Amino acid sequence: MQFHAARICGSWLIEPDPATDERGWFARTFCEREFAEHGLPTHFVQHSRSFTRRAGTIRGLHFQSPPFAEEKLVSCVAGAILDVIFDLRPDSPTYMETWSVELSGENGRQLFIPKGVAHGFQALTDNVLVNYLISEFYAPEHARGIRYDDPVLNVRWPLPVATVSERDLSWPRWEPLVPEERSLS
Ligand SMILES: Cc1cn([C@H]2C[C@H](O)[C@@H](COP(=O)(O)OP(=O)(O)O[C@H]3O[C@H](C)C(=O)[C@H](O)[C@H]3O)O2)c(=O)[nH]c1=O
């Protein structure tokens, strides 16, 4: 695996090193030693997968509030997505910055997302499978979100927006912390 620090502080784009032969290829997708060498977590308590039927569908953006904030290792194992992350951490040099990258079964890329960063994606093809290794247990009472069209994100979604869940349409407008709140966060 090749680890590249990505734009949002603490995020990493991990490129595969496939071993190819006449049958196809084999690529490692996780290694405790390599992750530890890059200061990344090595214990993911939940592994999840989502299937998205239609291109244009948007899931997210989601995050869990403390003490259930999650680190995620996200990959698209079938089809392609535009993966989008947004930095919610007032003390981060990239606070309130948005960054996106295409993940696909073809490119085999993975995105490591640190705690305090919201995550979402748009399916760029039909029949998309997205894989998650997650460092914290699912805690629905701590589930939070930002609407995909919140102006704070300033995301140009590549496809006309198809399906978005009722829940993802119901997130409140995201409000940045005012300076005095930032010092308390
Ligand atoms: C996340 C999660 C969900 N669920 C249940 C809750 C709902 O009944 C159903 C669908 O959940 P949700 O609509 O939150 O699924 P997504 O919209 O794909 O959300 C996920 O995709 C965005 C982009 C993310 O970054 C998160 O990892 C995750 O929130 O699965 C569980 O049982 N366990 C879980 O860990």
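Residues numbered from 1 in each chain as written. Predicted model: local features only at pLDDT ≥ 70, side-chain atom pairs only at ≥ 80, totals over all residues. Heavy atoms only, no water.

**Side note on the sheet that holds strand 11 (residues 117–123)**
Pairing in this open sheet of five strands is antiparallel, and the strands run 9-8-11-6-13 from one edge to the other. Of all strands in the sheet, those with a lone pairing partner are strand 9 (98–104) and strand 13 (143–145), marking the two edges. Averaged over all neighbouring strand pairs, the angle between strand axes comes to 30°, with direction disregarded. (Pairing = 2+ DSSP bridges. Helix = DSSP H or I, 4+ residues; strand = E, 2+ residues; numbered from the N terminus. Axes fitted to C-alpha atoms, helices over the stretch in contact; angles between N-to-C directions.)

**Remarks on the nonpolar core**
Within the largest apolar cluster, 17 residues are counted, with the highest numbers of intra-cluster contacts made by I81, L103 and V130. Tallying contributions element by element places strand 12 (residues 128–134) first for this core, with four residues. Beyond its immediate stretch of four places on either side in the chain, I81 contacts C76, V101, E102, L103, F121, Q122, A123, L124, V128 and V130. With 15 residues, the next largest nonpolar core counts V84, Y95, V164 and W174 among its residues. (Core = buried A, V, L, I, M, F, W, Y, C linked by side-chain atoms within 4.5 Å. Buried < 20%, exposed > 50% of the residue type's maximum accessible area, 1.4 Å probe, protein only. Contact = heavy atoms within 4.5 Å.)

**What to know about the layout of surface pockets**
Each pocket or cavity is described by its volume, and for the largest pocket that value is around 600 Å³. If you list the elements that add at least two residues to the lining of the largest pocket, you get strand 5 (46–52), strand 6 (58–64), strand 11, strand 12, strand 13 and helix 2 (166–169). Taken together, the residues that form the lining of the largest pocket break down as nine nonpolar, 12 polar and eight charged. (1 Å grid on protein atoms, 1.4 Å probe; cavity = no way out; pocket = protein on both sides within 12 Å on 5 of 7 lines; lining within 4 Å. Points joined across faces, edges and corners; volume = space filled by probe spheres on them. Nonpolar A, V, L, I, M, F, W, Y, C, P; charged D, E, K, R; others polar.)

**Some words on the sheet that holds strand 7 (residues 72–78)**
Spatial ordering of the open sheet is given by 1-2-10-7-12-5, a layout of six strands whose pairing is antiparallel. Because the sheet does not close on itself, it has two edges, and the strands there are strand 1 (2–5) and strand 5. Shown here is a sheet whose adjacent strand axes are inclined to one another by a mean of 20°, direction ignored. In the sheet, strand 2 (residues 12–15) pairs with strand 10 (residues 110–113) via three bridges, with the strands oriented antiparallel. Each residue of the ladder has a partner; that of I14, found in strand 10, is Q110.

**Describing the site of the ligand**
In the vicinity of the ligand, the residues found are R59, H62, K72, H119, G120, Y132, Y138 and R167. Here K72 contributes a side-chain N or O atom positioned 2.9 Å from an oxygen atom of the ligand. Y132 places a side-chain nitrogen or oxygen 3.1 Å from an oxygen atom of the ligand. Summarising the interface, the protein chains cover 62% of the accessible area of the ligand, which totals 650 Å² for the free molecule. (Near = heavy atom within 4 Å. Polar contact = N/O pair within 3.5 Å; in protein donor to acceptor, adjacent residues only side chain to side chain. Areas by Shrake-Rupley, 256 points an atom, 1.4 Å probe, with all protein chains shown as cover.)

**So, unusual backbone geometry**
Note that the residue after G60, namely L61, is joined by a cis bond; omega there is 5°. The omega angle of the peptide bond from P66 to P67 is 5°, so this bond is cis rather than trans. With respect to the element layout, P67 can be found in the loop between strand 6 and strand 7. The residue N127 is not glycine, and still its phi comes out positive at about 55°. We note that N154 has phi near 55°; this positive angle belongs to a residue other than glycine. Among the structural elements, N154 can be located in the loop between strand 13 and helix 2.

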